[in-house]
Amino acid sequence: MSESVFVGLCEIVGTTKQVAIRRETEDIREMVERQVAPNDGIIRIMSGSRREGFRLVGSDLDTMYWTNDHRVIMEMSQSEYYNTANTTLILSDSSESPPGFTLLQLLTPSRYREVQLSCVRMNARVYISSSIWRQLTCSLVFPNSTVHGPCGSGVLGGEEYDHAWCFVCDFWPPSASSWIDRCHSWPDPEVVHDIVRNGCHFVAIGHPLGPNENVAWRISFSVAEYKLVYSMNHSQFLTYGLLKLFLKEVINHQLEETNKLLCSYHMKTTVFWAIQQNTLPHWRPQNLLAGFWVCFKLLLKWVSEGVCPNFFIPQNNLFLTKVYGPAQNRLFLQLHELYKKGLACLLQSSSIRSYIINVLYNPRLFICTDERLMRSEVDYDVELVNETSYIGANWTNSPNKYIHIIEQLVESSLTHYQALTIQRLTGFIFQSISFTLHNEYIHTGVNKQMYVADKLSCHMLKLAAKFSYVSDMLYIAIYYYMTFRYREALSVIEMTKVKLAQPYLMYRNVVDRERYTEAVGGQSWSTKMRQAVAWNITLDTRICCISELIPEQQSSVQNREPILIIPVFVMLHFLEFLCYRHSDTPLSQAALDDLQVLVHHDQGLYVPDILRDISWEILGICQQITGNLQAALYSYQQSLITQSPYINIQTGTQRRIHDVVQSTPHQ
């Protein structure tokens, strides 16, 4: 039964290889971004379950942000490690706070408005108020976010997000020193050293029972936690995944939101303690359910006692303000009823049930737990495409810095997936430099400089296309269009169109597995990318590549969006329409017809729901250019209806609607 559930969890949660792809691509992205970030810039890291390697449906997208030139110190003597001329120092004062919480005293001035406005004076000292900070930073990333714990939260493209603006500390908190002494059997000493060396963070939420709830901050071990999860073996990781599913599908199922006392963090804490206490000598597929049962019994014990000890600071009881009184009793009775059923309680999990029933009906069934046989080459390719395709989200900043860092990384020891991620990132950077060069030299008026810049831009775009996706050829076509070389642009578009029409093409999760395997199975990833993989087109909102999209780019810039993302097939027809307008009206109309069919009738395969707004917008632009104002107005209205905060083109759409209405002759 354990082996069957192990196989099921590999299906739901992922195999060792899939989880490695997710972690390694994110690690290398973060490493590059942190090295590129200026000393006074903003650092962004993914945290939570996605960072740990989960891709479960309904999981939040957790991100942490902090200012790189602000540092928290634990004691005054640590100030000697910083240059206070360019670093704002903050002192952690936990003398009067409950375990796991602290006050943050501002020692040196900050240039950030949010920090300045969050300051409160207590006992002749200046502290940063967590409650004020929370309100001020809640919607910094996405407008109209709501406060949820220490985060700004909302829904983006059907996914919930949590963004926490915090402060970083390079030192391990003294209150967590006992954790280091406890690490005899797990994790390994090098993991402990790495965790301690990376310090901690402070997130904007105080203890509800503490004396200064609105001013105090919670010590966050998010980085330490994902490093601990990385150090688990796959059976331990899947046990953690099973607990998350059990919480969602059994414990919390059919409960009112207010009655959901347990959260995923409690499950994680349970697994950490169970592994460290060495309750189970060997965690492997054959005893996966024994591991689950160890964790479930520990959770039951904690609920009965009303004490869930934080893994790093055990004195911090995670149940203190949630699991107590009548609600605690109800939760205990609920869990005890499940406990009395034994492992049969897992039959209530909709995800796991079939894997248990399968064995109950076929007790002599042979279960193969060899992960190499569980997934096909195509599965791993899809995983790799999905994980590396967002890697260039901030590629528009400091391209030269990126190149320097990539040169250094190429000479270092990279894992296979990290090397592939770097390859993808290099393509992004070459494209960025090409358009930036043109943008810089077009205004100089010096012919020789413009000629050299143009030659270099073309060369880099062609180079990027050689080790990037099929769809990246469209960047060459965009460049030719913006430099008025319509015939050359159409030549590239035709070549790209042929490749995008291949039956084995992989676009996002859409792929004919059999044909893909026949065409490129067993070949290098570089070959697969160049011949059989497509992705969306990403435009830098600060550089005008296609003049017809200026209102949309301006709208994105106003909303602090660095990029404009367009579905590849929408961009293909759009470019074709724009280029043929200068030479062949019937073919231009044919391209518009193709675009109209795609936008009107696609069921989310080639026009993702999250990008429907920009797709309707582009259709409207083409219709407006041809003088079909009624159709254009309808398309713009559809764009408004399907607007997502992911693109932020609403202002541009409203402007276009106004222009069309003004241009429409009154009956």
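This text gives an overview of the structure that appears in the document. (Residues numbered from 1 in each chain as written. Predicted model: local features only at pLDDT ≥ 70, side-chain atom pairs only at ≥ 80, totals over all residues. Heavy atoms only, no water.)

### Side note on the pattern of salt bridges
- Throughout the structure, instances matching the rule amount to 28 salt bridges.
- Its salt-bridge partner being Lys 301, residue Glu 305 comes within 3.5 Å of it at the nearest N-O pair. Of this pair, Glu 305 and Lys 301 both sit in helix H11 (residues 288-305), separated by four residues, roughly a single helical turn.
- For Arg 656, the salt bridge identified is with Glu 617, shortest N-O distance 3.8 Å. Here Glu 617 lies in helix H25 (residues 612-625) and Arg 656 lies in helix H27 (residues 650-663), a separation of 39 residues in the sequence.
- With a relative accessible area of 10%, Arg 656 lands in the buried category.
- The exposure class assigned to Glu 617 is buried, which follows from its relative accessible area of 0%.
- A network of salt bridges, in which partner residues are shared, links Glu 26, Arg 29, Glu 33 and Arg 44. (Salt bridge = Lys/Arg side-chain N within 4 Å of Asp/Glu carboxyl O. Helix = DSSP H or I, 4+ residues; strand = E, 2+ residues; numbered from the N terminus. Buried < 20%, exposed > 50% of the residue type's maximum accessible area, 1.4 Å probe, protein only.)

### Considerations on the sheet that holds strand S10 (residues 159-165)
- Read from one edge to the other, the open sheet built from five strands follows the order S1-S2-S10-S9-S8, with strand pairing classed as mixed. Each end of this open sheet is capped by a strand with a single partner; those strands are strand S1 (42-47) and strand S8 (146-148). When the angles between neighbouring strand axes are averaged without regard to direction, this sheet yields 30°.
- Pairing between S8 and strand S9 (residues 151-156): three bridges, direction antiparallel. Its bridge partner lying in S9, Thr 146 is registered against Ser 153.
- The strands that helix H2 (residues 16-36) touches are S1 and strand S2 (61-67); relative to S1, the one it contacts most, it runs at about 170°. (Pairing = 2+ DSSP bridges. Axes fitted to C-alpha atoms, helices over the stretch in contact; angles between N-to-C directions. Contact = heavy atoms within 4.5 Å.)

### Quick word on the packing of helix H7 (residues 189-197) against helix H8 (residues 222-230)
- At their nearest, the axes of H7 and H8 sit 9 Å apart, and the two run at 160° to each other. With respect to H8, the axis of H7 lies roughly antiparallel. Once H7 is placed against H8, the crossing between them reads as right-handed. Across the interface between the two elements, Val 191, Asp 194 and Ile 195 from H7 touch Ala 224, Lys 227 and Leu 228 from H8. (Parallel < 35°, antiparallel > 145°, perpendicular 65-115°, else oblique. Left-handed = near helix turned anticlockwise from the far one by under 90°.)

### Here's the deal with H11
- With 18 residues, H11 ought to run about 26 Å at 1.5 Å a step, and its terminal C-alpha atoms sit 26 Å apart, in line with that.
- Burial of H11 is extensive: 13 of the 18 residues sit out of reach of the surface.
- Of the residues one or two after H11, Gly 306 is the one with positive phi, at around 70°. (Expected span 1.5 Å × (residues − 1).)

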